[in-house]
Amino acid sequence: MTSTAPRDTADPLDDLIADVFNRACPSRQTMETVANKWGALALVALTESPYRFNALRRRVDGVSEKMLAQTLHALERDGLVTRDVQATIPPRVEYTLTAPGARIADTLRALLDVLEAEIPAIMTAREDYDRRH
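Small disclaimer: the values here were computed from a predicted structure and weren't measured. Think of each chain on its own: its residues are numbered from 1, step by step along the sequence as written. Where totals are concerned, whole chains, interfaces and linings use all residues; where local detail is concerned, this predicted model gives features only for residues with pLDDT of at least 70, and gives and counts side-chain atom pairs only at 80 or more. Only heavy atoms go into the side-chain values, all of them from the structure, while hydrogens and water stay out.

Draft legend 1. Looking closely at the packing of helix α2 (residues 37–45) against helix α4 (residues 65–77). Between N-to-C directions, angles cover 0 to 180 degrees, with each direction set by a line fitted to C-alpha atoms, over the stretch in contact for helices. In DSSP terms, a helix is any run of H or I states spanning at least four residues, a strand is any run of E spanning at least two, and both are numbered starting from the N terminus. Running from N to C, α2 and α4 point in directions that differ by 70°, and their axes come no closer than 10 Å. Here α2 is positioned roughly perpendicular relative to α4, judged by the angle of their axes. Along its contact with α2, which presents Trp38, Gly39, Ala42 and Leu43, the element α4 presents Met67, Leu68, Thr71 and Leu75. Ten residue types, Ala, Val, Leu, Ile, Met, Phe, Trp, Tyr, Cys and Pro, are classed as nonpolar, four, Asp, Glu, Lys and Arg, as charged, and the remainder, Gly among them, as polar. Of the residues that constitute the contact of α2 with α4, the class distribution is six nonpolar, two polar and no charged. Roughly parallel refers to an angle under 35 degrees, roughly antiparallel to one over 145, roughly perpendicular to one between 65 and 115, and oblique to any angle outside these ranges. Two residues qualify as a contact provided that any one of their heavy atoms is within 4.5 Å of a heavy atom in the partner residue.

Here it is in C-alpha coordinates:
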(Lines give C-alpha, C1' and ligand atoms only; values in the text may rest on other atoms or scores of the structure.)
Protein backbone atom coordinates (compact mmCIF):
# COMPACT_ATOMS: atom_id res chain seq x y z
CA MET A 1 0.00 0.00 0.00
CA THR A 2 1.36 3.45 -0.89
CA SER A 3 0.68 6.66 0.91
CA THR A 4 0.09 10.02 -0.71
CA ALA A 5 0.61 11.84 2.58
CA PRO A 6 3.58 14.22 2.68
CA ARG A 7 6.70 13.02 4.44
CA ASP A 8 7.00 14.18 8.04
CA THR A 9 10.75 14.68 7.86
CA ALA A 10 12.30 15.89 4.66
CA ASP A 11 16.00 15.19 4.32
CA PRO A 12 17.75 17.91 2.28
CA LEU A 13 20.19 15.27 1.01
CA ASP A 14 17.29 13.54 -0.80
CA ASP A 15 17.36 16.29 -3.43
CA LEU A 16 21.16 16.67 -3.62
CA ILE A 17 22.64 16.18 -7.05
CA ALA A 18 26.43 16.17 -6.87
CA ASP A 19 28.14 18.37 -9.44
CA VAL A 20 31.83 18.93 -8.79
CA PHE A 21 31.82 21.80 -11.30
CA ASN A 22 29.34 23.73 -9.11
CA ARG A 23 31.30 25.80 -6.60
CA ALA A 24 28.67 25.18 -3.89
CA CYS A 25 28.79 21.39 -4.25
CA PRO A 26 30.16 19.63 -1.14
CA SER A 27 32.07 17.25 -3.41
CA ARG A 28 34.58 20.06 -4.02
CA GLN A 29 35.89 19.86 -0.46
CA THR A 30 36.33 16.09 -0.70
CA MET A 31 38.01 16.51 -4.09
CA GLU A 32 40.51 18.91 -2.52
CA THR A 33 41.45 16.30 0.08
CA VAL A 34 41.55 13.33 -2.31
CA ALA A 35 43.36 15.15 -5.14
CA ASN A 36 45.94 16.64 -2.80
CA LYS A 37 49.21 14.71 -3.03
CA TRP A 38 49.11 13.66 0.64
CA GLY A 39 45.48 12.56 0.46
CA ALA A 40 46.04 10.58 -2.72
CA LEU A 41 49.21 8.93 -1.41
CA ALA A 42 47.61 8.06 1.95
CA LEU A 43 44.58 6.51 0.25
CA VAL A 44 46.69 4.48 -2.18
CA ALA A 45 49.02 3.33 0.61
CA LEU A 46 46.01 2.10 2.58
CA THR A 47 45.08 -0.21 -0.32
CA GLU A 48 48.15 -2.27 0.64
CA SER A 49 47.03 -2.92 4.22
CA PRO A 50 45.79 -1.17 7.33
CA TYR A 51 48.48 1.10 8.73
CA ARG A 52 49.32 2.54 12.09
CA PHE A 53 50.02 6.28 11.99
CA ASN A 54 53.84 6.16 12.08
CA ALA A 55 54.03 3.25 9.64
CA LEU A 56 51.81 5.20 7.22
CA ARG A 57 53.99 8.27 7.70
CA ARG A 58 57.06 6.21 6.78
CA ARG A 59 55.24 4.77 3.75
CA VAL A 60 54.21 8.24 2.52
CA ASP A 61 57.74 9.55 2.46
CA GLY A 62 58.05 13.29 3.04
CA VAL A 63 54.72 13.98 4.74
CA SER A 64 54.96 15.78 8.08
CA GLU A 65 53.25 14.42 11.16
CA LYS A 66 50.95 17.45 11.24
CA MET A 67 49.98 17.20 7.56
CA LEU A 68 49.31 13.45 7.78
CA ALA A 69 47.15 13.95 10.89
CA GLN A 70 45.14 16.70 9.11
CA THR A 71 44.79 14.56 5.99
CA LEU A 72 43.64 11.47 7.89
CA HIS A 73 41.18 13.57 9.87
CA ALA A 74 39.68 14.97 6.65
CA LEU A 75 39.53 11.51 5.05
CA GLU A 76 37.86 10.09 8.16
CA ARG A 77 35.35 12.96 8.24
CA ASP A 78 34.42 12.23 4.62
CA GLY A 79 33.92 8.54 5.41
CA LEU A 80 36.83 7.34 3.27
CA VAL A 81 39.01 6.10 6.14
CA THR A 82 38.20 4.57 9.50
CA ARG A 83 40.29 5.09 12.60
CA ASP A 84 40.26 1.99 14.81
CA VAL A 85 41.49 2.55 18.37
CA GLN A 86 42.33 -0.75 20.03
CA ALA A 87 42.21 -0.89 23.82
CA THR A 88 45.80 -1.88 24.49
CA ILE A 89 48.53 -0.29 26.54
CA PRO A 90 49.68 1.87 24.88
CA PRO A 91 46.58 2.34 22.70
CA ARG A 92 47.01 1.01 19.16
CA VAL A 93 45.40 3.01 16.35
CA GLU A 94 45.03 1.66 12.82
CA TYR A 95 43.67 3.32 9.72
CA THR A 96 41.78 1.39 7.07
CA LEU A 97 39.79 2.24 3.96
CA THR A 98 36.01 2.20 3.90
CA ALA A 99 34.21 0.84 0.82
CA PRO A 100 33.96 4.30 -0.81
CA GLY A 101 37.58 5.00 0.16
CA ALA A 102 38.69 1.75 -1.48
CA ARG A 103 36.86 2.61 -4.72
CA ILE A 104 38.46 6.04 -4.83
CA ALA A 105 41.90 4.64 -3.90
CA ASP A 106 41.70 2.04 -6.68
CA THR A 107 41.01 4.81 -9.20
CA LEU A 108 43.89 6.86 -7.82
CA ARG A 109 46.17 3.80 -8.02
CA ALA A 110 45.35 3.50 -11.73
CA LEU A 111 46.17 7.19 -12.20
CA LEU A 112 49.49 6.81 -10.35
CA ASP A 113 50.36 3.74 -12.46
CA VAL A 114 49.84 5.75 -15.66
CA LEU A 115 51.80 8.68 -14.23
CA GLU A 116 54.75 6.46 -13.29
CA ALA A 117 54.69 4.80 -16.72
CA GLU A 118 54.76 8.21 -18.45
CA ILE A 119 57.63 9.68 -16.39
CA PRO A 120 60.26 9.18 -19.15
CA ALA A 121 58.09 11.14 -21.62
CA ILE A 122 57.30 13.76 -18.99
CA MET A 123 60.97 14.26 -18.15
CA THR A 124 61.83 14.62 -21.84
CA ALA A 125 59.03 17.18 -22.27
CA ARG A 126 60.32 19.15 -19.27
CA GLU A 127 63.85 19.19 -20.67
CA ASP A 128 62.57 20.31 -24.07
CA TYR A 129 60.45 23.03 -22.49
CA ASP A 130 63.30 24.27 -20.30
CA ARG A 131 65.62 24.46 -23.34
CA ARG A 132 63.08 26.58 -25.23
CA HIS A 133 62.27 28.94 -22.36
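Draft legend 2. Main features of the sheet that holds strand β1 (residues 51–52). One bridge is not enough; two strands pair if DSSP finds at least two bridges between them. Taken together, the three strands give an open sheet; going across it, the order is β1-β3-β2, and neighbouring strands pair in antiparallel fashion. Two strands bound the open sheet, and with one partner strand each, they are β1 and β2 (81–86).

Draft legend 3. Structural view of a nonpolar patch on the surface. Each patch is built from residues lacking any salt bridge and having more than 30% relative accessible area; the joining distance is 9 Å for like charges and 5 Å for nonpolar side chains (Val, Leu, Ile, Met, Phe, Trp, Tyr). Computed with a 1.4 Å probe, the accessible areas rest on the Shrake-Rupley method; for each residue, only the protein chains presented here act as cover. Only one rule defines a salt bridge in this text: a Lys or Arg side-chain nitrogen within 4 Å of an Asp or Glu carboxyl oxygen. A cluster of nonpolar side chains, Val20, Phe21 and Met31, forms an exposed patch at the surface whose accessible area comes to about 320 Å². Within the secondary structure layout, methionine 31 lies in helix α1 (residues 27–35). Burial classes follow relative accessibility: with a 1.4 Å probe on protein chains only, a residue under 20% of its type's maximum area counts as buried, one over 50% as exposed, and anything between as partly exposed. Classification of methionine 31 as partly exposed rests on a relative accessible area of 41%.

Draft legend 4. Just the environment of arginine 103, in detail. Topologically, arginine 103 is positioned in helix α5 (residues 99–117). Assessed through its relative accessible area of 55%, arginine 103 is described here as exposed. As a C-alpha pair, arginine 103 and leucine 43 span 60 residues in sequence and 10.0 Å in three-dimensional space.

Draft legend 5. Just unusual backbone geometry, in detail. Residues isoleucine 89 and proline 90 are joined by a peptide bond in cis, for which omega reads -10°. If you trace the backbone, proline 90 turns up in the loop between β2 and β3 (92–97).

Draft legend 6. Quick look at the pairing of β3. Here two bridges tie β1 to β3, and the two strands are oriented antiparallel to one another. By the bridge assignment for β3, tyrosine 51 is matched with tyrosine 95. The pairing of β2 with β3 spans six bridges and is classified as antiparallel. Bridge pairing in β3 places threonine 82 opposite threonine 96. Following β2, the chain reverses through five residues before pairing antiparallel with β3.

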